[in-house]
Every structure is written in C-alpha cells, then in structure tokens.
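# Coordinate inspection notes
Next come the chains, spelled out residue by residue.
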Amino acid sequence: DQQVKQNSPSLSVQEGRISILNCDYTNSMFDYFLWYKKYPAEGPTFLISISSIKDKNEDGRFTVFLNKSAKHLSLHIVPSQPGDSAVYFCAASAFDNDMRFGAGTRLTVKP
Amino acid sequence: DGGITQSPKYLFRKEGQNVTLSCEQNLNHDAMYWYRQDPGQGLRLIYYSQIVNDFQKGDIAEGYSVSREKKESFPLTVTSAQKNPTAFYLCASSIGWGDHEQFFGPGTRLTVL
C-alpha cells in the first residue's frame, strides 16, 4: 500500500530552467512532508520540508508547495544546476512520526 | 566529523546464512531506523528504536532482527527466514522520535547468491 507516490521515475531539464518534481499522497493524516536528495553511493540527505499548516516553504533555489485538498506536493528548483542531478525522494509523516517514502524521481540537469 | 556509518558497503551472502549489517552514529541521536529499498519502491521501514534498549517492528520486520544495546549502534541481522533479502539497506537516525528530519547512512547493498 503505497501511501506516497512519485509517478515520474525520471525527469530531464536544461541547466537554468525550472525543475518540478511531483508527489501525491493518500493518507489525510499526514501533517509533515519532506524532500530528500540522494546521490549515487550515498544516503539520502534532507533538503526541505513543509508542515501541513503552510502551503509554501522556500529555501534558496528550492521551494516546496503543498496542496492539501489535492493531497499533492511539489518541489521546484529554480534555476536548475547540473549539481542538482540526483534522485529526489518525497516523504510524509503523521502524528505518530511513522514516515512514508515515495519511490523517488531521478532528476538529470543537462548543461 | 559527525555522521552515520554503515558497513560493509557491499555484502554477499549464501542462501540460508544469517548476516549482520552494521550501523553506527556519533550524532548523539536517540532514535534510529532501518529501511529497505527495492527498485521502483520507496524506502520501507524494517525496525526502529526510539531509545537505547528499546526497538519496535516496522512494516516489514519478518525475517529481520535488531538490537540497541548502545545509543550509538543499531545493528540489523538478516536471517535465513527472510525470503527475499537481496536489497539496498539504509540506516538512519534522528534527534528524537518526534523529530521528522532523519539523517541517513550511505547504505549497504546485500546480495544473496
């Protein structure tokens, strides 16, 4: 039962353009959402998060948007850089802190 | 230099053998976790520990065992009862059980021959 879904396994964008990574969830009890970034041969590292009381959180080039009614969140990277090429995981947790992860989206930023 | 270490990076095991994956953290975190990643799937929780000398089963605990005798260490044993053990295993920790941000180790890729 995949409660967090990332329907695009891969995404390719040109350097300098916007990257938009999407994530959908089914459990309405989720109240905290995170994005992790993973390079090959390394563990995932925390990138940005958002609580359900907000609909947007920004950190430099990274912005996460949350649409609770649609149970959808997205990560925007502007402008995209080749160093952003990695696998991005969406994660969600409820009050019991049981975190659920999506399958990941592999982003490739072409120079 | 604080962080989480996992060893070994690659591990090969013969069918029917138990194997233990190491996870050590020097972040002084109370909570630790073990996840399994399979192709096309998200990370799935195997076991977690909120505090030393305590651990709880996650979604896919069957065929696995853990111990938490020290705050810094949370080893995972993959037993012969695990029907499909070939996977990528990730260990993580967080400051406490209520903290959402988890810090991950580099992972161990286990292959059963």
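Residues numbered from 1 in each chain as written. Chains lettered and ligands numbered in written order. Predicted model: local features only at pLDDT ≥ 70, side-chain atom pairs only at ≥ 80, totals over all residues. Heavy atoms only, no water.

### Some thoughts on the packing of aromatic side chains
- Inspection of every chain in the model, using the stated rule, returns 13 aromatic pairs over all chains.
- Ring geometry for A:Tyr25 and A:Phe33: centres 4.7 Å apart, planes at 40 degrees, overall tilted.
- Judged by its relative accessible area of 7%, A:Tyr25 is buried.
- Ring geometry for A:Tyr36 and A:Phe101: centres 5.9 Å apart, planes at 50 degrees, overall tilted. On the criterion of sequence distance, the pair formed by A:Tyr36 in strand β4 (residues 32-38) and A:Phe101 in strand β10 (residues 99-101) is long-range, its members being 65 residues apart. A:Phe101 matches A:Tyr36 in its accessibility class, with the two residues each being buried.
- Among the aromatic side chains, those forming a connected cluster through ring pairs are A:Tyr36, A:Phe46, A:Phe101, B:Tyr33, B:Tyr35, B:Tyr48, B:Trp97 and B:Phe104. (Phe/Tyr/Trp six-rings, centres within 6.5 Å; stacked < 30°, edge-to-face > 60°. Buried < 20%, exposed > 50% of the residue type's maximum accessible area, 1.4 Å probe, protein only. Helix = DSSP H or I, 4+ residues; strand = E, 2+ residues; numbered from the N terminus.)

### Quick notes on the sheet that holds strand β3 (residues 19-25) of chain B
Residue and element names in this part refer to chain B.
- In space, the 4 strands of this open sheet follow the order β1-β3-β8-β7, with antiparallel pairing throughout. Two strands close off the open sheet at either side, each with one partner strand: β1 (4-7) and β7 (64-66). Between one strand and the next, the sheet's axes are offset by a mean angle of 20 degrees, whatever the strand orientation.
- Sheet topology note: the β1/β3 ladder contains 4 bridges and is antiparallel. Within β3, the position partnered with Thr 5 by the bridge is Glu 24. (Pairing = 2+ DSSP bridges. Axes fitted to C-alpha atoms, helices over the stretch in contact; angles between N-to-C directions.)

### Describing the interface of chain A and chain B
- Of the residues lining the interface, 20 residues belong to chain A; the matching set on chain B comes to 21 residues.
- The junction of chain A with chain B conceals about 1,600 Å² of combined surface from both sides, 56% of it contributed by carbon and sulfur atoms.
- Counting across the interface, chain A meets chain B through 1 salt bridge.
- Taking the shortest distance from any N to any O, the salt bridge between B:Asp59 and A:Arg100 comes out at 2.5 Å.
- Here chain A and chain B share 4 residue pairs in polar contact (both at pLDDT 80 or more) between them. (Contact = heavy atoms within 4.5 Å. Buried area = accessible area lost by both parts, 1.4 Å probe. Salt bridge = Lys/Arg side-chain N within 4 Å of Asp/Glu carboxyl O. Polar contact = N/O pair within 3.5 Å; in protein donor to acceptor, adjacent residues only side chain to side chain.)

### Quick look at the environment of A:Asn67
All names here are of chain A.
- Here Asn 67 lies in strand β7 (residues 62-67).
- Apart from residues lying up to four places away in sequence, Asn 67 is in contact with Tyr 25 and His 72.
- Polar side-chain contacts of Asn 67 include one of 3.0 Å to the backbone nitrogen of Ala 70.

### Considerations on the nonpolar core
- Counting 24 residues, the largest nonpolar core has A:Phe33, A:Trp35, A:Leu73, A:Leu75 and A:Tyr88 as its most contacted members.
- Counting only elements with at least two residues in this core, the list comes to β3 (19-25), β4, β5 (45-51), β7, β8 (72-77), β9 (86-93) and β11 (105-110) of chain A.
- For this core, the leading source of residues is β9(A), giving 4 residues.
- The next biggest cluster of nonpolar side chains, apart from the first, holds 19 residues, and it includes B:Ile4, B:Ala87, B:Tyr89 and B:Leu110. (Core = buried A, V, L, I, M, F, W, Y, C linked by side-chain atoms within 4.5 Å.)

### A look at the pattern of salt bridges
All names here are of chain B.
- In total, this model carries 7 salt bridges over all chains according to the counting rule given.
- Lys 71 serves as the salt-bridge partner of Asp 30, at 3.4 Å between the closest nitrogen and oxygen. With Asp 30 in the loop between β3 and β4 (31-37) and Lys 71 in the loop between β7 and β8 (76-78), this residue pair connects regions lying 41 residues apart in the sequence.
- The exposure class of Asp 30 is partly exposed, given its relative accessible area of 29%.

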